[in-house]
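Structural features, examined
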Amino acid sequence: MKKLSGVLLVVLFGLLSACGPGTTTVTAVPSPAGLATTPNIKIVSPKDGDTMSNPLTLKVSVTGVTLIPAATPSQPGQGHLHIIVDDNPSAVGQAVPKDDTHIHFGTGVSDLKIDPPLKPGKHKLTILFADSNHIVTNPLLTDTINVTVQ
């Protein structure tokens, strides 16, 4: 009963939070054991400070949210990933731009190949989670590394 109460509390909190103006709230998705998982994204590879060659592929660990294609209407806790190159992520509630520094991965994948290739030199790569409409969720789910491209 305690596990069920905790899950219901997370769902209720998520529903109430989702009603706030101008933001999308990501709620924890229950794990198979019935316990809520804190939403988190993390770049697993490459590691911060690595030297790489093109084409660059980032492997991302995603917990507490579900990756879905961008064209699919999303529920709280669902969305897709973006890579921001040499720039800062958009703010919570804002749309992620689509340009050379904001690469969208609307297919719902977590292995992300950067195309077009990056110029040689040092680059800051930030991974960002957003909903189906490319709106940055609350809480902000992001991770940043620095790499050197040969």
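Preceding this section is the structure that the text describes.
Residues numbered from 1 in each chain as written. Predicted model: local features only at pLDDT ≥ 70, side-chain atom pairs only at ≥ 80, totals over all residues. Heavy atoms only, no water.

**Section: the pattern of salt bridges**
Using the criterion set out here, one finds two salt bridges in the structure. Residue K42 is joined to D143 by a salt bridge in which the shortest nitrogen-to-oxygen separation is 3.8 Å. Separated by 101 residues along the polypeptide, K42 in strand β2 (residues 40-45) and D143 in strand β11 (residues 142-149) bring together distant segments of the chain. Between K59 and D111 there is a salt bridge, with the nearest N and O atoms lying 3.3 Å from each other. Here K59 is found in strand β4 (residues 57-63), whereas its partner D111 is found in strand β8 (residues 111-113), with 52 residues between them in sequence. (Salt bridge = Lys/Arg side-chain N within 4 Å of Asp/Glu carboxyl O. Helix = DSSP H or I, 4+ residues; strand = E, 2+ residues; numbered from the N terminus.)

**Let's talk about the side chain of S90**
Assignment of secondary structure puts S90 in the loop between β6 (78-85) and β7 (102-105). The buried category is assigned to S90, whose relative accessible area is 12%. A polar contact of 3.4 Å, which involves the side chain of S90, links it to the backbone oxygen of A95. If we ignore the near neighbours within four places in the chain, the residues touching S90 are A95, V96, P97, L128, V136 and L140. (Buried < 20%, exposed > 50% of the residue type's maximum accessible area, 1.4 Å probe, protein only. Polar contact = N/O pair within 3.5 Å; in protein donor to acceptor, adjacent residues only side chain to side chain. Contact = heavy atoms within 4.5 Å.)

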